[in-house]
Amino acid sequence: CFFNQDLLTSIHSFFKHAEGTFGVSATCTLWPHSIVLAAKGQPVSLAFDMERPIAVWSSEPSALTVSWPTAPGGRPKRLATARWDLNDAAGEAIELRVFEGASAQHHIQAADKALAGGLSSARYFATPDIKIAQERKFHILIRGSSLDRSPHALSAATFAARWVRLRAPPFRTARGVKPAAAGPTLDPVEADIRDIPAILSDIDSSWTDRASLNLMSGQKFSGCLHRLLEQKQDDSIDVLVFGVENSLWMGQQFAADMKRIFPKLNFMAISSNWVLGMLQRAQGNIEPKNFAIAPQKFRLAPGAIALALSHSGTTYPTVWAARLVTRVFPGVHGFAMSADFDTVLANSIGQDLTMGSFTGALFSTMAGVRPAEPATAASIAMHHTLTCLLLECARGVAKRSGRSWRFERKRDDGDCELDADEVKDLERLAATLLPASERICGATQCRQTRGSDTYRELQRIGDYVSTHLTEGWYSTFWMCFYVYVSVTFHLPIFSAFWSRYVAEKTALDEDEVTFQLVGYIVAHIDAHLYVFLAVLLMLLHRLVRGRRLWTRFIARTLVVVDSTVNYKLLRAYGSKLGALAFPFTAFKVAGQNGEDHFVHEMTHLAQS
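Note that the coordinates shown come from a computational prediction; the quantities given were computed from them, not determined experimentally. (Residues numbered from 1 in each chain as written. Predicted model: local features only at pLDDT ≥ 70, side-chain atom pairs only at ≥ 80, totals over all residues. Heavy atoms only, no water.)

Colleague: Looking at this structure, I do not really get a nonpolar patch on the surface. What am I missing?
Modeller: Taken together, Trp473, Tyr474, Phe477, Trp478, Phe481, Tyr484, Val485, Phe489, Leu491 and Phe584 make up a surface patch of nonpolar side chains, about 1100 Å² in accessible area. Position of Trp478 among the secondary structure elements: in helix α13 (residues 453-488). We classify Trp478 as partly exposed; its relative accessible area is 44%. (Patch = residues over 30% accessible without salt bridge, like charges linked within 9 Å, V, L, I, M, F, W, Y side chains within 5 Å. Areas by Shrake-Rupley, 256 points an atom, 1.4 Å probe, with all protein chains shown as cover. Salt bridge = Lys/Arg side-chain N within 4 Å of Asp/Glu carboxyl O. Helix = DSSP H or I, 4+ residues; strand = E, 2+ residues; numbered from the N terminus. Buried < 20%, exposed > 50% of the residue type's maximum accessible area, 1.4 Å probe, protein only.)

Colleague: Teacher, can you tell me more about the pattern of salt bridges here?
Modeller: If the charged atoms of two oppositely charged side chains come close together, the side chains can form a pair. On inspection of all chains with the given rule, the structure shows 25 salt bridges. We note a salt bridge from Arg547 to Glu471, for which the minimum N-O separation is 2.9 Å. Of this pair, Arg547 sits in the loop between α15 (513-545) and β16 (557-562) while Glu471 sits in helix α13, and the two are 76 residues apart along the sequence.

Colleague: Would you explain the pairing of strand β3 (residues 45-49) in this entry?
Modeller: Remember that side chains alternate between the two faces of the sheet whenever the strand is regular. β3 sits mainly inside the fold: five of its five residues count as buried. Alternating positions in β3 separate into two faces, Ser45, Ala47 and Asp49 on one and Leu46 and Phe48 on the other, with burial throughout. Judged from the five bridges that link them, β3 and strand β4 (residues 54-58) form a sheet pairing that is antiparallel. Residue pairing across strands places Asp49 opposite Ile54, the latter belonging to β4. With antiparallel pairing between neighbouring strands as the criterion, β3 and β4 make up a hairpin whose turn holds four residues. (Pairing = 2+ DSSP bridges.)

Colleague: Please clarify how the packing of helix α6 (residues 246-261) against helix α16 (residues 564-580) should be interpreted in this entry.
Modeller: When two helices pack together, their arrangement is captured by the angle between the axes and the distance separating the axes. Where α6 contacts α16, the two axes come as close as 9 Å, and the packing angle between them is 170 degrees. Classified by the angle between their axes, α6 and α16 sit roughly antiparallel to one another. Pair α6 / α16 crosses with left-handed handedness. On α16, the residues touching Asn246, Trp249, Met250, Gln252 and Gln253 of α6 are Val565, Lys568, Leu569 and Ala572. For the contact of α6 with α16, a count of residues per class yields five nonpolar, three polar and one charged. (Axes fitted to C-alpha atoms, helices over the stretch in contact; angles between N-to-C directions. Parallel < 35°, antiparallel > 145°, perpendicular 65-115°, else oblique. Left-handed = near helix turned anticlockwise from the far one by under 90°. Contact = heavy atoms within 4.5 Å. Nonpolar A, V, L, I, M, F, W, Y, C, P; charged D, E, K, R; others polar.)

Colleague: Mind showing me how you'd approach the packing of aromatic side chains here?
Modeller: Counted according to the given criterion, the structure contains 19 aromatic pairs. Between Phe14 and Phe22, the aromatic rings sit 5.6 Å apart at their centres with planes inclined by 80 degrees, giving edge-to-face as the arrangement. Take Phe14: its relative accessible area is 42%, and that puts it in the partly exposed class. On the numbers, 6.5 Å between centres and 90 degrees between planes, the contact of Phe99 with Tyr124 is edge-to-face. Taken together, the residues span a long stretch of sequence, with Phe99 in strand β8 (residues 92-100) and Tyr124 in the loop between α2 (104-113) and β9 (138-146) at a distance of 25 residues. The same class applies to Phe99 and to Tyr124, which are both buried. Ring pairs connect the aromatic residues Phe48, Trp84, Phe125, Phe159 and Trp163, which therefore count as one cluster. The lysine or arginine in question, Arg323, covers the ring of Trp320, its NZ or CZ lying 4.6 Å from the ring centre. (Phe/Tyr/Trp six-rings, centres within 6.5 Å; stacked < 30°, edge-to-face > 60°. Lys NZ or Arg CZ within 6 Å of the ring centre and 35° of its normal.)

Colleague: I'm lost on the sheet that holds β9 in this one. Help?
Modeller: The pairing of strands in a sheet comes from backbone hydrogen bonds and takes either a parallel or an antiparallel form. One open sheet holds the four strands; their spatial order is β1-β2-β8-β9, and the pairing between them is antiparallel. Strands at the two margins of the open sheet, each flanked by one partner only, are β1 (22-28) and β9. Averaged over all neighbouring strand pairs, the angle between strand axes comes to 15 degrees, with direction disregarded. Across six bridges, the pairing between strand β2 (residues 31-40) and β8 is antiparallel. Residue Ala39 lies in a different strand from β8, and its bridge partner there is Glu92. In the packing of helix α1 (residues 7-17) onto the sheet, contacts are made with β1, β2, β8 and β9, and the angle to β2 comes to roughly 30 degrees. Against the sheet, α2 makes contact with β8 and β9, and its axis sits at roughly 45 degrees relative to β9, the strand it touches most.

These values are about where atoms sit, not about what they do.
Structure representation (structure tokens):
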């Protein structure tokens, strides 16, 4: 179809028969100056700077907020000045075409005349920031359409309505800490860990600032919770929390804690994939067969709360679960929590940059972009933000109920199980996280290096534990070195010593049986050395590093025994760290709740 149709029409024809979700970037040698971007179920965002001119695109909106390369010490400049998001929920395609010289108006007229058949109704237009009559060195013209079988052309007015100008300073990822003395660049994991105190400080500030968006959303969340307490009638789900992996595990703990505080309400925390399985009826949907609730009984109460959790804000199942929940249950109040306010997840619940007002449905963990796969700062930031939200709900419900938290200690008909002193204790406990993180992470909230006994002790323990992993590498390296040298130069250590020193000083003749027999014995000792050299080197490594000598010579396993949410988070963290290691230093990771399944699942694997 590329020979008989233009590039945009060809892509539209492809999507007529395509099943699934797509984020497509298509080019063709027949139209070297054009590119078509299409989104159906997968997000695609474009960013423009028409002064250069330049257009970039990505599935992650946060990737478009980086700075343009500048000279050392120069002021960072944003890569792009405007952004435009494709409508991936309904399906949309857009063509970008580069023209040289003249004016945009001249090229629009010429390009429109050349359109014939197919999507000829989709006309070219310039971006809102361009004067079409002005001559420029280069021009980027645009046209587009929906991906329906009966496509609707994208107009200049519709494009302009979704055009978002970017004014904030460019965002930096994994800022890290400036070391006291010049040293090597921090790796992403270490930079995230040292950023933790600064992130926690930002979170605390955002929840104490009355004008902050986090507090506005928290007050709205608390208000919705209070209304649910007043109108509670049946066993429908009052608060639904969903996410994937780390976000889900923290959401489950959040739902459990909220249930203890507000026992009258029905909380449920499940995977975003299970939400899709409950609500979707199309072919290929996931059926949660191990879930004790039937899809027919999966219903939310009027005015219920749906909280979607995703650090990146682009997690595919969570984005679509948020869209589906708000569509199937129109009266539900949708909330989203991610690392920023500007995400695909925010768009899914009806809050995007084109809106002139804030709906109070978004929470930011203040963590920003965190490229490191082993999650540290992102997980702690979401955990602390959920803690702040829980505290705001407890305070807000008490305030709306007219209770005096300063003097009254009596609980009120089970609406809230915390009294004034208990809330104050919880606030004090949450406030200890920031100073504790400074001692643990070796950095302050101002991103300055800080030494502490706790940090130094953790480094010492980490160095000791690492010797369990590096002994295999060291022993293999030195064993191979010995084999190469001894075989290449015919110098097995015992045989060489026998032939060059001992044999020369003895009266034995080389032809005597005794001499030959001793030679075989010495060679046999060398063979034993080759076989057991790795073990001997491991023992030497353990002796030098002050470890026990006679532990087993097997692969190491890190076992995490903690509460359910903690062991899952740490197990995922350790597993992803292990995936970054070389094979010689790889290790297994396991975890379980010490109060539940640990004894039954792990103790039979114990090895000394």
